[in-house]
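# Summary of the model geometry
Given next are the chains, with one letter for each unit.
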Amino acid sequence: MTDISDPMADDPRPTDALSIAASEIVDDPTAGEEFDTGPEALAALERGEARIDPTTESATIPEIRWSIDADQPDYAHLRTSAADALGAGAAAALNWPVWQLLMRANRFKPTGKDGLVAFGLRGAKLSGADSQAGLAEVSFEDIRPNHADFNCTLGIVDTNARTFRAYRGSTVPNKKWMRNYYKIVHNLPTDRPDTKCNLLPTGCYIYRVASHSGGKIKPALRMTNPDDLTQDAACTVLRTSEDLAFSHDDLWDKTTPYDNIHCAYSESSFSSAGCQTIKGADKSGAWGDFQKVIGDLGQGARIDYVLLTGREVAIAAAIIAAGQQDDTALVDACLGRLRVGSEGPDVVAMQKKLGFRGSGYFGPVTKVAVTKSEDAHGRDSDGIYAPADDLATGWQVFGAAQSPAAADPGPAPEPQPDPAPTGPITLSLAGAANGARAGVATSPDTVTLLAEPGTPLNIAADLTLNARGGDVPLRLNAAIEGAVPGIVLELQLTARAAQSTPSAAATAETRPEATSSGALLTTERIDAFLPRALPEYRAIFVEEGADILARYGLTANPRRLSQFLAQISHESGGLRLKSESLNYSATRLTEVWPNRFPTEADAAPFAGNEEALGNEVYGGRLGNSEPGDGFRFRGRGMIQLTGRDNYKRFSSLVGVDLVTDPDRAADPKTALLVAAEFWAGAKRSGERSMNALADDDKLRAITYRINGGFTNLDHRAAELARAKSIFGDINTPVARAITDRGDNDDQVRTLQLLLIEHRVLRGKVDGKFGNGTYKGLFAFKNARRMEGAGYADAATFSALRDAARPAETTEAMTALPSTEDEPEPVRPF
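Residues numbered from 1 in each chain as written. Predicted model: local features only at pLDDT ≥ 70, side-chain atom pairs only at ≥ 80, totals over all residues. Heavy atoms only, no water.

## Notes on the overall build of the protein chain
Scanning the protein chain for helices and strands turns up 28 helices and 23 strands. A buried classification covers 55% of the 829 residues belonging to the protein chain. Put simply, of all contacts in the protein chain between residues at least 6 apart along the chain, 68% involve residues at least 24 apart. For the protein chain, the computed accessible surface area is about 32,400 Å², with 51% contributed by carbon and sulfur atoms. (Helix = DSSP H or I, 4+ residues; strand = E, 2+ residues; numbered from the N terminus. Buried < 20%, exposed > 50% of the residue type's maximum accessible area, 1.4 Å probe, protein only. Contact = heavy atoms within 4.5 Å. Areas by Shrake-Rupley, 256 points an atom, 1.4 Å probe, with all protein chains shown as cover.)

Below you can see the structure in the form of structure tokens.
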């Protein structure tokens, strides 16, 4: 766990060792295993599923599917116009030139004993036999996984002989373990409450020859700590528990998942809760052939594992077929990525932009930081730093680290005059315009767009201008709001040099203008807004606040900062409280918790007794399971972190053990980091980020996510007005109306009525977008694979109005989520 005392500490560089002594090998841990333990465990799951009443529990578990490419983190970044132009087909082949190009593009430097390196290709159905050896080329079909079939290829490349071994297998979890994890998260009965489920993201990982499943499968490959081959590895994995389709808006979890490489246990199916599997039972089939190779290396031998996708191999092969493998710009545009396992000066440059010292190795700490940066800049959080991220941040990481000086960049160069627009213009919308199609550029300064009838447009785009023989990235800063009745639009373009303009990521989350964090967080402004705050809390904002909050995009503009400060000021009494005060009179208790204390007589035993009150109102919920937990894990810090589950979760996020020592949650630096982390993570699957809500000035929606209700909304509004008077506001208008969880207006009433008509929601139309409305909306949009399943935009309302209503059935409406589900507020502020 990263120590918070050194906030610049990132991932340590991996060891150069290729093996360890057998006596030092760490075998399966005695507790905390996340992976499945073989066919017996799978049989237990199947027995449990056989007992499910199909009219009840099975109806509550979503359909398991593979996300569309635009949503799937390992595929979304490959959807570029440059890659599409190559015309790579479904049939592809991995050979030595393709391998070399992929390692170069991803900044991977894999190694292994005797020159052997393992590989996995997600979404690559092996052609030919299940086990193949000594190949100059591996052929496969680019096809997406389905969590049931062997739609992946695993293998070993001999970097000395430049040959490949290939095996039919899977790199994704099995449906039954995904369903089991859903039951764990949603408190449904299961025979395996100890087994979680995850998807290992693509990257380059370090493994060692050891065993799996308590030593039952030996040899197997075991995920290993990069800087200590005797220890198992922590890594950042993806978890899905809402729609059971792994997508960019799911949970990125830094943990120790034990995602090993082992047998599938069968010739017809595989058992995996996150591990990589090869077809066959132990010592037999394709897996048996793989075991013989790794067994010859000896226990404790290192063998790195490169996990990519079949699509990337197909793109690399197309680049080589076109003779363009030496075109660095093209290779980076199509394949140049920084992700887990990437090494070198480009990684250093990116890490420094993230606020780290810069080890040059992309590990789990960097992975988490990249996902947060992407979210802050309005990009899908896939944790893979691509050229599109470079454009959105303006960091210029790719190509900026080609010399030793780049590791420690000097003063910024003087701004140069904007290049004159000459030559043809190519337009790439990249999802920025809803329903619009790019037309042909008819002149150097005009692009024609065709809009579908009735399409609401908010158009912004990236351009490439062929100027004086070189490609110069340009940005089109234009917005057109409202419904366009099927007309042709001609947009006049203004060319600007890329380094002199802000981010061009044209989504609902990147509209406001950027502001210098140093100019916002001055001593005078902090003192004016927090005049009675604890001195140490005021000091942390002035001394380190700019750097910390910038990592979360909170100082990108004054409106975000004002919304954030208004909430934490309210939650902590103007930052005067380190821990929650539970010293209430009996009368006040009946006002704060009327359901728990209907009369003053009911409240009397708890009046003036903080410990008793904490245990009464918080005990048995929020993860508080032990006697005294309610008071022990009461609200602390700037956001008033509450409950054992939250203390445990944020221990991992900020690198401090808050469970053993809860009072540390109130330490100034920890409290600010917890508040920023809370802000960054306060969204459910498919929802917009808190920064997006802040940009749209959605005080109600922000309050709902923080409070679980709307307690003291008037005071929060007053704090927001006061913050804006001190820190300023932005003039950028809201480009499109979006309805989010926490809204309360006529638009929500319309939404609820439509959801009830579609039989995904029940209850009265109350105009309150709560958790039940979220579930109904999510069910409707997820079934149609619509983006942003947790909020309603114009496309959502169009789909709700146009889609056929389901026929009346005898299905019990009580099984549907209800509009009347407002929870009890987490805290009584």
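## Quick look at the pattern of salt bridges
According to the stated counting rule, one finds 42 salt bridges in the structure shown. Arginine 705 is the salt-bridge partner of glutamate 687, the closest N and O atoms lying 3.6 Å from each other. Here arginine 705 lies in helix H24 (residues 699–707) and glutamate 687 lies in the loop between helix H22 (668–681) and helix H23 (690–695), a separation of 18 residues in the sequence. The exposure class assigned to glutamate 687 is buried, which follows from its relative accessible area of 5%. Via salt bridges that share partners, Arg688, Asp696, Lys698, Asp740 and Asp743 belong to a single interconnected network. (Salt bridge = Lys/Arg side-chain N within 4 Å of Asp/Glu carboxyl O.)

## Some points on the pairing of strand S9 (residues 217–225)
For S9, the buried fraction is high: 7 of the 9 residues fall into the buried class. Alignment of strand S8 (residues 203–212) against S9, held across 5 bridges, turns out to be antiparallel. Paired with tyrosine 207 across the strands is methionine 223, a residue of S9. Taking the residues between adjacent antiparallel strands as the criterion, S8 and S9 are bridged by 4 residues, where serine 213 takes a positive phi near 60°. (Pairing = 2+ DSSP bridges.)

## Details of the confidence of the model for the protein chain
Confidence in the prediction for the protein chain averages 81 pLDDT; 78% of positions are at 70 or higher. In the model, residues 1–5 has pLDDT below 50 throughout and makes 15 contacts with residues more than four positions away in sequence or in other chains. Per-residue pLDDT stays below 50 along residues 824–829; that stretch engages in 32 contacts with residues further than four places along the chain or on separate chains. (pLDDT = per-residue confidence, 0-100.)

## So, the side chain of glutamine 563
For glutamine 563, the location among the structural elements is in helix H16 (residues 558–571). Excluding residues within four positions of it along the chain, glutamine 563 makes contact with Trp679, Ala694, Asp697, Lys698, Leu699, Ile702 and Leu720.

## Quick look at the environment of serine 19
Tracing the backbone through its elements, the reader meets serine 19 in the segment before helix H1 (39–50). Not counting the four nearest positions on each side in its chain, serine 19 is found in contact with Leu229, Gly300, Ala301 and Arg302.

## Here we look at the environment of alanine 519
For alanine 519, the location among the structural elements is in helix H13 (residues 517–520). Along the primary structure alanine 519 and threonine 555 are separated by 36 residues, whereas in three dimensions their C-alpha atoms are 9.7 Å apart.

## Section: the sheet that holds strand S3 (residues 124–126)
As a general point, the strands of a sheet are linked pairwise by backbone hydrogen bonds and lie either parallel or antiparallel. Taken together, the 3 strands give an open sheet; going across it, the order is S1-S5-S3, and neighbouring strands pair in antiparallel fashion. The two strands at the open ends of the sheet, each matched to only one other strand, are strand S1 (91–95) and S3. With strand direction ignored, the average angle separating the axes of adjacent strands in the sheet is 45°. Summarising the sheet, S3 and strand S5 (residues 137–142) pair through 3 bridges and their orientation is antiparallel. Among the inter-strand pairings, leucine 126 is bridged to a residue of S5, identified as phenylalanine 140. (Axes fitted to C-alpha atoms, helices over the stretch in contact; angles between N-to-C directions.)

## A word on the packing of aromatic side chains
Between two aromatic rings, the relevant description is the distance of the centres plus the angle of the planes. Inspection of the entire model under this criterion finds 19 aromatic pairs. Between tyrosine 167 and phenylalanine 290, the aromatic rings sit 5.6 Å apart at their centres with planes inclined by 85°, giving edge-to-face as the arrangement. Here the residue tyrosine 167 occupies a position in strand S7 (residues 163–170), and phenylalanine 290 occupies one in helix H7 (residues 285–295), the gap between them amounting to 123 residues. With respect to class, tyrosine 167 is no different from phenylalanine 290; both count as buried. Residues phenylalanine 564 and tryptophan 679 carry aromatic rings whose centres are separated by 5.6 Å and whose planes lie at 85° to one another, so their mutual orientation is edge-to-face. A residue pair is termed long-range when its members are at least 10 positions apart, and phenylalanine 564 in helix H16 and tryptophan 679 in helix H22 qualify at 115 residues. Phenylalanine 564 gets classed as buried once you look at its relative accessible area, which sits at 1%. (Phe/Tyr/Trp six-rings, centres within 6.5 Å; stacked < 30°, edge-to-face > 60°.)

## A look at the packing of helix H5 (residues 96–106) against helix H8 (residues 310–321)
Two elements in contact, H5 and H8, have axes separated by 9 Å at closest approach and are oriented at 110°. With respect to each other, H5 and H8 are oriented roughly perpendicular. Where H5 abuts H8, its residues Pro97, Val98, Leu101 and Leu102 lie against Glu312, Val313, Ala316, Ala317, Ile319 and Ile320. Taken together, the residues that form the contact of H5 with H8 break down as 9 nonpolar, no polar and 1 charged. (Parallel < 35°, antiparallel > 145°, perpendicular 65-115°, else oblique. Nonpolar A, V, L, I, M, F, W, Y, C, P; charged D, E, K, R; others polar.)

## Comments concerning the nonpolar core
Ranked by internal contacts, the top residues of the largest apolar core, which has 48 residues, are Phe541, Leu549, Phe564, Ile568 and Met638. When contributions to this core are tallied by element, the ones reaching two or more residues are helix H14 (523–529), helix H15 (535–551), H16, helix H21 (644–654), H22, H23, H24 and helix H25 (713–727). Filtering out sequence-adjacent residues up to four positions away, phenylalanine 564 remains in contact with Leu549, Leu554, Leu672, Ala675, Ala676 and Trp679. Leu116, Tyr265, Ala286 and Val340 belong to the second-largest nonpolar core, a separate cluster that totals 45 residues. (Core = buried A, V, L, I, M, F, W, Y, C linked by side-chain atoms within 4.5 Å.)

## With respect to helix H11 (residues 364–376)
Under the 1.5 Å per step criterion, the end-to-end length of H11 is 19 Å for 13 residues, consistent within 8% with the ideal 18 Å. Most of H11 is tucked away, with 13 of its 13 residues classed as buried. Just beyond H11, the residue with positive phi is glycine 378, at close to 75°. (Expected span 1.5 Å × (residues − 1).)

## Some words on helix H27 (residues 771–783)
Between its first and last C-alpha, H27 extends 18 Å over 13 residues, near the 18 Å set by a 1.5 Å rise per residue. Of all 13 residues in H27, 10 are buried; the element is thus mostly enclosed. For H27, the complete set of buried residues consists of Asn771, Gly772, Thr773, Tyr774, Gly776, Leu777, Phe778, Phe780, Lys781 and Asn782. Along its buried surface, H27 packs onto H24, helix H26 (746–757) and helix H28 (794–802). Looking at the residues trailing H27, positive phi occurs at arginine 785, about 55°.

## With respect to the pairing of strand S15 (residues 302–309)
Taking burial as the measure, the 8 residues of S15 include 8 buried ones, the bulk of the element. Where S8 and S15 come together, 6 bridges link them in antiparallel fashion. Residue glycine 203 lies in a different strand from S15, and its bridge partner there is leucine 307.

## Points about unusual backbone geometry
Cis geometry marks the peptide bond from lysine 218 to proline 219; its omega dihedral reads 0°. Here the phi dihedral of serine 213 falls at roughly 60°; this positive angle occurs in a residue that is not glycine. Locating serine 213 in the fold gives a position in the loop between S8 and S9. One non-glycine residue, arginine 759, lies in positive phi territory at about 60°. You can see arginine 759 is positioned in the loop between H26 and H27. For arginine 759, a relative accessible area of 15% corresponds to the buried category.

## Overview of the environment of serine 579
Inspection of the secondary structure assignment puts serine 579 in the loop between H16 and helix H17 (586–592). Taking the C-alpha atoms as reference points, serine 579 and aspartate 663, 84 residues apart in sequence, are found 8.2 Å from one another. Leave out the neighbours within four places in its chain, and serine 579 touches Arg634, Gly635, Arg636 and Gln640.

## Some thoughts on the packing of H16 against H22
Look at H16 against H22: their axes get within 12 Å of each other, and the N-to-C directions meet at 120°. Crossing of H16 over H22 shows right-handed handedness. Of the residues in H22, those in contact with Gln563, Phe564, Gln567 and Ile568 of H16 are Leu672, Ala675, Ala676 and Trp679. (Left-handed = near helix turned anticlockwise from the far one by under 90°.)

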